[in-house]
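Fold and contact review
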Amino acid sequence: MGEAYKKIYKEIRDADALLIGASNGLSISEGYNIFADDRWFRENFRDFRARYGIRSVLQGLFFQYPSEETRWAFFSRLISRKCYLEQPGSVMKDLYRLVGQKDYFVVTSNGEDHFVPAGFSRDKIFEMEGRLTQSRCRNGCEGVLYENRDEVLKMAGAERDGVVPAELIPRCPKCGSPVTVNMADSNAFFQTEQFQRKMADYQNFIKQYHGKKLVILEFGVGWRNRMIKEPFMRLAASEPEAVYITFNKGEIYIPDEIRGRSIGVDGDIAAALEEILKTGEVL
Ligand SMILES: [Zn+2]
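Residues numbered from 1 in each chain as written. Predicted model: local features only at pLDDT ≥ 70, side-chain atom pairs only at ≥ 80, totals over all residues. Heavy atoms only, no water.

Examining the overall build of the protein
In terms of regular secondary structure, the protein is built from 11 helices and nine strands. Taking 2.2 N^0.38 as the reference for a compact globule, 283 residues should give roughly 19 Å; the C-alpha atoms of the protein span a radius of gyration of 20 Å, in line with that estimate. Dimensions of the protein, computed from the C-alpha atoms along their principal axes, are close to 55 × 40 × 30 Å. Out of the 283 residues in the protein, the part that is buried amounts to 52%. Expressed as a percentage of contacts within the protein between residues at least 6 apart in sequence, the contacts between residues at least 24 apart total 66%. (Helix = DSSP H or I, 4+ residues; strand = E, 2+ residues; numbered from the N terminus. Rg over C-alpha atoms; globule rule 2.2 N^0.38 Å. Buried < 20%, exposed > 50% of the residue type's maximum accessible area, 1.4 Å probe, protein only. Contact = heavy atoms within 4.5 Å.)

Okay, structure coming up:
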């Protein structure tokens, strides 16, 4: 892999800009697997597992809880621990170091909001499926979208035995309806002004670097992914100066038409990023 790492480092160094795509595989390389009944899940949600039969974060996110108080117990514990209390790990820090001073844009389906704590700019990230750190009115009030840090930490601190006190349950400041975290759980998510604006920012970034040396970096995106991978592969094919670099564990797919301008790294993403940065130090 040594030669590939060297090549990747040079491509990034010579790039005009970086387009970064990230999905579950990147989270997994950080130890957060929303599909798994793994050690982290059992350590943090043993009680929810026993009481409701919930076997993963993903199930917990979409579970029909008996009340708002129990629903927010799960959400506030997850969000406080995963998004607010946990410090960015080496994977995210390495990724940020690799970007350096380059202009970039991030598109991700990961909702744990780990890019900003690692140094990335909020303006340059498009969470295509939302993020856990933002809430919106469940009744669809236009423009009611806000950072949920304070109320989540308060709820998590006051939670007892899988229940949050009723008086802490967040309500829409406009209509008083329950709120929900801003995830892609209904059409309302895609209709928010924020989603539309982020989509426009993404398109503008691509336009801005049309014809330039754009390095497209993909981390842990499955081969059938239509939100991130498919548009990335199309973009790479239509931009003759673009380079397409895909990192994934056990699943690398590069179409023939862009093979000559692509690099695939099959293996642990954390280790690969570390090696690429080391390569850069000795070049
Ligand atoms: Zn409302």
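Digging into the sheet that holds strand E6 (residues 179-183)
Spatially, three strands are ordered E5-E4-E6 in an open sheet, and the strand pairing comes out antiparallel. If you trace the sheet from one side to the other, it starts and ends with strand E5 (145-147) and E6, each paired once. For this sheet, the mean inter-axis angle between neighbouring strands, taken without regard to orientation, is 45 degrees. Two elements, strand E4 (residues 130-137) and E6, share five bridges in a ladder whose sense is antiparallel. Its bridge partner being in E6, cysteine 137 is matched across the sheet by valine 179. Set on the sheet, helix H5 (residues 68-85) makes contact with E4 and E6; between it and E6 the angle comes to about 45 degrees. (Pairing = 2+ DSSP bridges. Axes fitted to C-alpha atoms, helices over the stretch in contact; angles between N-to-C directions.)

Structural notes on the layout of surface pockets
Size it by volume and the largest pocket reaches roughly 370 Å³. Going through the elements one at a time, helix H2 (24-29), helix H4 (57-62) and E4 are the ones with two or more residues in the lining of the largest pocket. What the second largest pocket holds in volume is close to 260 Å³. Around the second largest pocket, the lining is made up of 15 residues, and of these Cys141, Glu142, Gly143, Thr192 and Glu193 lie nearest the centre. (1 Å grid on protein atoms, 1.4 Å probe; cavity = no way out; pocket = protein on both sides within 12 Å on 5 of 7 lines; lining within 4 Å. Points joined across faces, edges and corners; volume = space filled by probe spheres on them.)

Side note on the sheet that holds strand E8 (residues 243-248)
Taken together, six strands build an open sheet; the order of strands is E3-E2-E1-E7-E8-E9 and the sheet is parallel. The sheet terminates laterally at strand E3 (125-127) and strand E9 (262-266), the two strands that pair on one side only. Taken pair by pair, the neighbouring strands of this sheet meet at an average axis angle of 10 degrees, ignoring direction. Bridge count for E8 against E9 is five bridges, and the pairing is parallel. Bridged to isoleucine 245 within E9 is isoleucine 263.

Focus on the coordination of the zinc ion
Coordination of the zinc ion by the protein is provided by Cys137 (SG), Cys141 (SG), Cys172 (SG) and Cys175 (SG), with metal-donor distances spanning 2.3 Å. Each of the four donor atoms bound to the zinc ion contributes to angles spanning 102 to 115 degrees, and the resulting shape is tetrahedral. Counting the intervening residues between successive donors of the zinc ion yields the motif C-x3-C-x30-C-x2-C. With a gap of 34 residues between them, cysteine 141 in the loop between E4 and E5 and cysteine 175 in the loop between helix H7 (149-158) and E6 connect regions that are remote in the sequence. Overall, cysteine 141 belongs to the buried group, its relative accessible area being 19%. (Donors = N, O, S within 2.8 Å, 3.2 Å for Na, K, Ca; no water. Tetrahedral: all angles 85-135°; square planar, octahedral: opposite > 155°, others 65-115°.)

Comments concerning the pattern of salt bridges
One pass over the structure, following the stated rule, counts 25 salt bridges. Two residues, glutamate 11 and lysine 7, come together in a salt bridge whose shortest N-O distance is 3.3 Å. Highlighted residues: glutamate 11 and lysine 7, both in helix H1 (residues 2-13), separated by four residues, approximately one helical turn. Accessibility expressed as a relative area gives 14% for glutamate 11, which makes it buried. Between glutamate 68 and arginine 138 there is a salt bridge whose closest N-O contact spans 3.0 Å. Of this pair, glutamate 68 sits in helix H5 while arginine 138 sits in the loop between E4 and E5; the two residues are 70 residues apart in sequence, bridging distant segments of the chain. Judged by its relative accessible area of 18%, glutamate 68 is buried. Each of Asp113, Arg122, Glu127, Arg131 and Glu147 takes part in one network of salt bridges that share partners. (Salt bridge = Lys/Arg side-chain N within 4 Å of Asp/Glu carboxyl O.)

Notes on the pairing of E4
Put simply, side chains in a regular strand alternate between the two faces of the sheet. Within E4, eight of the eight residues are buried, leaving the element largely enclosed by the surrounding structure. Pairing of E4 with E5 involves three bridges; the strand directions are antiparallel. Looking at E5, one finds that serine 135 is bridged to tyrosine 146.

Some thoughts on the side chain of serine 56
With respect to the secondary-structure elements, serine 56 resides in the loop between helix H3 (39-52) and H4. One polar contact links the side chain of serine 56 to the main-chain amide nitrogen of glutamine 59, over a distance of 3.1 Å. Dropping the residues within four chain positions of it, serine 56 is found in contact with Ile34, Phe35, Ala36 and Phe41. (Polar contact = N/O pair within 3.5 Å; in protein donor to acceptor, adjacent residues only side chain to side chain.)

Considerations on the UniProt feature "binding site: Zn(2+)" (unreviewed entry) in the protein
Taking the numbering used here, the UniProt-annotated feature "binding site: Zn(2+)" (unreviewed entry) corresponds to Cys137, Cys141, Cys172 and Cys175. A maximum C-alpha distance of 8.3 Å among these annotated residues, which run over 39 residues, shows that they cluster at one spot. Taken from the residues named earlier, the lining of the second largest pocket is made up of Cys137 and Cys141. Considering the arrangement of structural elements, one finds cysteine 137 in strand E4. Apart from residues lying up to four places away in sequence, cysteine 137 is in contact with Val144, Cys172, Cys175, Ser177, Pro178 and Val179. By secondary structure assignment, the location of cysteine 172 is in the loop between H7 and E6. Contact partners of cysteine 172, with chain neighbours within four places excluded, come to Cys137, Cys141, Val144, Ser177 and Val179. (UniProt positions renumbered as here; feature names shortened; annotations may be inferred.)

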